[in-house]
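Residues per chain are reported as follows:
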Amino acid sequence: MRQPLQYLFLAIKPQKFDEVLPRIADAITEDTVLVSIAAGIGVEYIRKLTKPNAKVVLAMPNTPLLLGCGATALATEAPVSDAEFAVVRRIFDACGMTAVIEPAQMKEIIAINGSSPAFIYLFAKGFLDYAEQVGLSGDVAKELFAQSLIGSAKMITDSGYSIAELIRQVSSPGGTTLAGLDRFYTGNLTDVVQDACDHCTRRAYELAK
């Protein structure tokens, strides 16, 4: 006798849900926990294509999970039990860290968690392109900048200082850092970042089903 599916990960593109979910609906029981990692796909839409009371966990991971240092936002609601949710969380915890948010926040978290590595990589590219322009070794520049990112992330999480204070600690009056920061401020870097995040979230709502 075929064993019922207990945990089923929906690791498919959002555009494929219309095609795939009806084909697997008969294999889903009241005990099956569906774990979706698709941007913009909500609980009710999954239930509409599978079972009206299907157990659903929404997950928004990022690619650093491939190295065991990723981050995953998780959300769920009844009838998923605490024990079932804990199993799903342990799976993602094995590849990094997890945080629990409300299902209604899953679209907004994409820019902060799921898409942000790409934004960071683009930021890094600017520094590495500069290193190449001034004749620095690409490998040395990459190692130094990557370690700076790692160390800066640890300062954000572990130092206890606010972002503003961390910036001040690096910025000597009249020094080189402030000269560079002035250009970021002139270009409204934080506004650009927020605009990019807003566009990311809008696209999530466009994909929402």
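Visitor: For this particular structure, what's the right way to read the overall build of the chain?
Guide: Secondary structure assignment for the chain yields nine helices and five strands. Counted from the first residue to the last, the chain has its helices and strands arranged as β-α-β-α-β-β-α-β-α-α-α-α-α-α. Dimensions of the chain along its principal axes, counting C-alpha atoms only, are 70 × 30 × 30 Å. Within the chain, the proportion of its 209 residues that are buried is 32%. Partitioning the intrachain contacts of the chain with sequence separation of at least 6 by distance along the chain shows that 61% fall at a separation of at least 24. Surface exposure of the chain reaches about 13,400 Å², of which carbon and sulfur atoms provide 60%.

Visitor: When you look at the side chain of Ser116 in this model, what are you seeing that I'm missing?
Guide: Along the chain, Ser116 falls in helix α5 (residues 116-133). Looking at Ser116, the relative accessible area reads 15%, which means it is buried. Apart from the residues within four sequence positions on either side, Ser116 is in contact with Ile110 and Ala111.

Visitor: Sorry, what's going on with the packing of α5 against helix α6 (residues 138-158) here?
Guide: Packed helix pairs are characterised by how far apart their axes lie and by the angle those axes make with each other. Two elements in contact, α5 and α6, have axes whose closest approach is 10 Å; the angle formed by their N-to-C orientations is 140 degrees. Of the two elements, α5 crosses α6, and the hand of that crossing is right-handed. Contacts between α5 and α6 involve Ile120, Phe123, Ala124, Phe127, Leu128 and Ala131 from the former and Ala141, Lys142, Phe145 and Leu149 from the latter.

Visitor: Please explain a nonpolar patch on the surface as it appears in this structure.
Guide: A contiguous nonpolar surface patch, about 390 Å² in accessible area, is contributed by Phe123, Phe127, Phe184, Leu189 and Val193. For the nonpolar patch, the secondary structure elements donating two or more residues are α5 and α9 (189-207). Turning to its location among the elements, Phe123 is positioned in helix α5. Overall, Phe123 belongs to the partly exposed group, its relative accessible area being 36%.

Visitor: Explanation requested: the environment of Pro79 in the structure shown.
Guide: Checked against the element boundaries, Pro79 lands in the loop between β4 (70-76) and α3 (82-93). Looking at Pro79, the relative accessible area reads 38%, which means it is partly exposed. In this structure the C-alpha to C-alpha distance between Pro79 and Ile167, which are 88 residues apart in sequence, comes to 45 Å. Other than its neighbours up to four places away in sequence, Pro79 contacts Arg47, Asn53, Ala54, Lys55 and Glu84.

Visitor: Explain the packing of aromatic side chains here, please?
Guide: A ring pair, where both rings are aromatic, is described by two values, the distance of the centres and the angle of the planes. Here the structure, examined in full by the defined rule, presents four aromatic pairs. Considering the side-chain rings of Phe127 and Phe145, the 4.5 Å spacing of their centres and the 25 degrees angle between planes classify their relative orientation as stacked. With Phe127 in helix α5 and Phe145 in helix α6, this pair connects stretches of sequence that are 18 residues apart. Taken together, the aromatic side chains of Phe123, Phe127, Phe145 and Phe184 make up a single cluster linked through ring pairs.

Definitions and limits used
- Residues numbered from 1 in each chain as written.
- Predicted model: local features only at pLDDT ≥ 70, side-chain atom pairs only at ≥ 80, totals over all residues.
- Heavy atoms only, no water.
- Helix = DSSP H or I, 4+ residues; strand = E, 2+ residues; numbered from the N terminus.
- Buried < 20%, exposed > 50% of the residue type's maximum accessible area, 1.4 Å probe, protein only.
- Contact = heavy atoms within 4.5 Å.
- Areas by Shrake-Rupley, 256 points an atom, 1.4 Å probe, with all protein chains shown as cover.
- Axes fitted to C-alpha atoms, helices over the stretch in contact; angles between N-to-C directions.
- Left-handed = near helix turned anticlockwise from the far one by under 90°.
- Patch = residues over 30% accessible without salt bridge, like charges linked within 9 Å, V, L, I, M, F, W, Y side chains within 5 Å.
- Salt bridge = Lys/Arg side-chain N within 4 Å of Asp/Glu carboxyl O.
- Phe/Tyr/Trp six-rings, centres within 6.5 Å; stacked < 30°, edge-to-face > 60°.

Read these as geometric descriptors, not functional statements.
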